[in-house]
Amino acid sequence: MSDIALFSQGGNTLPAHLRNLELDATTKALMGSGGNGKRISIRGGVFRMIVGGKEVAQNDDRAMNVIIVRAAEKVSRSFYAGTYVEGQNAAPACQSADGVAPDKGVKNPQSTNCQNCQQNIKGSGQGDSRACRFNQRVALALENNIGGDVYQLTLPGQSIFGTGDNGKMPLQQYAKFLGGHGLPVGTVVTEMRFDTASATPKLTFRAVRPLSVDELAESKRQGESADALNAVTLTVTQIDGDVPVAKASPFVEPAHTRMAVEAADEPVKRAVKKTETKDVAAVLDAWADDES
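Residues numbered from 1 in each chain as written. Predicted model: local features only at pLDDT ≥ 70, side-chain atom pairs only at ≥ 80, totals over all residues. Heavy atoms only, no water.

Caption draft 1: The arrangement of the state of the cysteines in detail. In the structure shown here, the tally under the stated rule is zero disulfides. Between Cys 114, a free cysteine, and Cys 132, which holds the nearest cysteine sulfur, the sulfur-to-sulfur gap is 5.9 Å. Under the relative-accessibility criterion, Cys 114 is labelled buried at 8%. In this model Cys 117 remains outside any disulfide bridge; the closest cysteine sulfur is found in Cys 132, 6.2 Å from its own. (Disulfide = S-S within 2.5 Å. Buried < 20%, exposed > 50% of the residue type's maximum accessible area, 1.4 Å probe, protein only.)

Set out below in structure tokens:
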């Protein structure tokens, strides 16, 4: 029997017990990262669905409701050499999964460690920015289809660090707020919303509602799935947004400059305004009232 005949829908040659099966982790691994990878891009301040490296749909709404089912354990760093070209796929010239030192697989590391790297100096990127940027990958399920596909989203540093107003917070502040109330982030529906005051794509986060018992079970299952694990560990080589311009070619870092670099734009502890959490706290209080 030929391959074509085996998979012919018209001939119904595929045995009934092999139809409509979910792909297992082994098959997805052999297909490669681009085979069945689904992700959400925020390039240009628009939610874009990317499948197999190609954009297949856009969501013009300024907000999207999701469940964060898994996240990379560390905030990563990526450095792209050259300038961003619309529609062009490119792998980072140097990257660090843990934000501390270049990954072992990097062919031309920019430094022995991220803190003292020349690409971490202000002005090495566009304007006064740093050429090497923070990012963090999260795995998402859609509110209206929690048990369906899992999507990868790579968040830039400005969507991760800092503080927000009126319950619209960057990711770390949002997670700390929920954690402070004893709520894992995967137990609530999260609204991701574009910050229209930002010149570059930036998302803020807020809690919308708690998950039902059945939804919570689906969220936990998705968080433990191979798709979620792949979403937060695989490196996406397609550029999602404006990439900093490298002012210098790949280099070997001189020893005398290694300790003279400015402090990196690491997250800074800031006092959280009481008014910033009051609105979200009110949401949690409302949940409690609904349950009573």
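Caption draft 2: Geometry of the pattern of salt bridges. For the structure on display, the rule yields nine salt bridges. A salt bridge links Glu 55 to Arg 43; its shortest N-O distance comes to 3.2 Å. With Glu 55 in strand E3 (residues 54-59) and Arg 43 in the loop between strand E1 (38-41) and strand E2 (47-51), this pair connects stretches of sequence that are 12 residues apart. Judged by its relative accessible area of 18%, Arg 43 falls in the buried class. For the salt bridge of Arg 221 with Glu 218, the shortest nitrogen-to-oxygen distance reads 2.9 Å. Linking Arg 221 with Glu 218, this pair stays in helix H4 (residues 213-223), spanning three residues, or about one helical turn. (Salt bridge = Lys/Arg side-chain N within 4 Å of Asp/Glu carboxyl O. Helix = DSSP H or I, 4+ residues; strand = E, 2+ residues; numbered from the N terminus.)

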